[in-house]
Amino acid sequence: MNTFIDTSFFTNPVSEYLQWLKCKSTYQLKNWGKHLRIGYLSTITNCNFGNYNIIGSHCVVSNTTLGNYSYINSYSYILWATIGKYCSIGPNVKIAPGKHPSSVFVSTHPITFNPQGNFLKNFLKESKFKNFEQVTLGNDIWIGANSIIIDGITIANGAIVAANSVVVKDVGPYEIVGGNPAKLIKKRFNEEQIEYLNELEWWNKDENWLQANISKFWNIEELIDLEIILE
Ligand SMILES: CC(C)(COP(=O)(O)OP(=O)(O)OC[C@H]1O[C@@H](n2cnc3c(N)ncnc32)[C@H](O)[C@@H]1OP(=O)(O)O)[C@@H](O)C(=O)NCCC(=O)NCCS
């Protein structure tokens, strides 16, 4: 549907503030007891939250699920994502920002394949191309500042995306990737340690377990020793 009303005439700091207040209070009330925090002027649409999620200021987050303790730093733009527990999303990160066709289709302009959008003229009634594909992030993932995760990517548990990277291929468990396009820099741990952490799934342990074992998180070898003792 074309929009012929130029809504920017009505947008101003007060209207933006009121819209944010409505969004923040709706989501925080809906998630009462989960301790959700939504930062200043962030827009949230169609999202599901876990416990203790924090969204920084000026973010746009839509069609996204966040696991317990995961947070998104300011100015990030997350459109379609399933994000596990204990993930740290840096500032100005873009996840699943949308895509246009790069082959077969004659043009990359959405007006040639998609009726939606804010164009003042439409040639189509139905969409011929899927603009978004879900990104899936495992648990305990750190996405560095200014990175872009292209639509459809899967990033496995424990991975790190270095600052300013563009991730165009799936990332394996505990890999550090970086650059544009992002390439494997190194792995965080050796294969046995990675297998151990993936089996341990510490991110699924309860708060009491984490509280009791928090000091073992400062050295992977101590955590492994601890689990051997417990067995
Ligand atoms: C990747 C990162 C975590 C460093 O990890 P590290 O284990 O300390 O790795 P090192 O600094 O030893 O770097 C290892 C290699 O990666 C390269 N590298 C580091 N950061 C990189 C980046 N952003 N892009 C591309 N390559 C990078 C280094 O040049 C080095 O290459 P070399 O082996 O050829 O010399 C860090 O550089 C980074 O990007 N941090 C994100 C910071 C951030 O965004 N903070 C926001 C707050 S959430």
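Residues numbered from 1 in each chain as written. Predicted model: local features only at pLDDT ≥ 70, side-chain atom pairs only at ≥ 80, totals over all residues. Heavy atoms only, no water.

## Focus on the overall build of the chain
Piece 1. What the chain contains, in helices and strands, is four helices and 18 strands.
Piece 2. Overall, the C-alpha framework of the chain stretches about 70 × 45 × 25 Å when taken along its three principal axes.
Piece 3. Out of the 231 residues in the chain, the part that is buried amounts to 41%.
Piece 4. Sequence separation of at least 24 residues holds for 25% of the intrachain contacts in the chain that already meet a minimum separation of 6. (Helix = DSSP H or I, 4+ residues; strand = E, 2+ residues; numbered from the N terminus. Buried < 20%, exposed > 50% of the residue type's maximum accessible area, 1.4 Å probe, protein only. Contact = heavy atoms within 4.5 Å.)

## Re unusual backbone geometry
Piece 1. In this structure, the amide linkage connecting Asn 180 to the following residue, Pro 181, adopts the cis form with an omega of -5 degrees.
Piece 2. Examined against the element boundaries, Pro 181 turns out to sit in the loop between strand S17 (175–178) and strand S18 (183–187).
Piece 3. The residue Ala 96 is not glycine, and still its phi comes out positive at about 50 degrees.
Piece 4. Mapped onto the elements, Ala 96 comes out in the loop between strand S10 (94–95) and strand S11 (135–137).
Piece 5. In this model, Asp 140 sits at a positive phi of 55 degrees, which is unusual for a non-glycine residue.
Piece 6. Tracing the backbone through its elements, the reader meets Asp 140 in the loop between S11 and strand S12 (142–143).

## Describing helix H1 (residues 13–30)
Piece 1. Between its first and last C-alpha, H1 extends 26 Å over 18 residues, near the 26 Å set by a 1.5 Å rise per residue.
Piece 2. Lining the buried residues of H1 we find strand S1 (37–38) and strand S2 (43–45).
Piece 3. The opening residue of H1, the one whose side-chain oxygen lies 2.9 Å from the backbone nitrogen of Val 14, is Asn 12. (Expected span 1.5 Å × (residues − 1). Polar contact = N/O pair within 3.5 Å; in protein donor to acceptor, adjacent residues only side chain to side chain.)

## Regarding the site of the ligand
Piece 1. Taken together, Gly 90, Pro 91, Trp 142, Gly 144, Ala 145, Ala 162, Ala 163, Ile 176, Gly 179, Ile 185 and Lys 186 form the complete shell of residues around the ligand.
Piece 2. In the model, an oxygen atom of the ligand is placed 2.6 Å from a nitrogen or oxygen of the Ala 145 main chain.
Piece 3. In isolation the ligand offers 910 Å² of accessible surface; the protein chains occlude 44% of this area.
Piece 4. In the shell around the ligand, the residues fall into seven nonpolar, three polar and one charged. (Near = heavy atom within 4 Å. Areas by Shrake-Rupley, 256 points an atom, 1.4 Å probe, with all protein chains shown as cover. Nonpolar A, V, L, I, M, F, W, Y, C, P; charged D, E, K, R; others polar.)

## A short note on the pattern of salt bridges
Piece 1. For the structure on display, the rule yields three salt bridges.
Piece 2. Note that Lys 99 is salt-bridged to Glu 133, the shortest N-O span being 2.4 Å. A residue pair is termed long-range when its members are at least 10 positions apart, and Lys 99 in the loop between S10 and S11 and Glu 133 in the loop between S10 and S11 qualify at 34 residues.
Piece 3. Ionic pairing is found between Glu 191 and Lys 187, a salt bridge with its closest N-O pair at 3.1 Å.
Piece 4. A relative accessible area of 47% means that Glu 191 is categorised as partly exposed. (Salt bridge = Lys/Arg side-chain N within 4 Å of Asp/Glu carboxyl O.)

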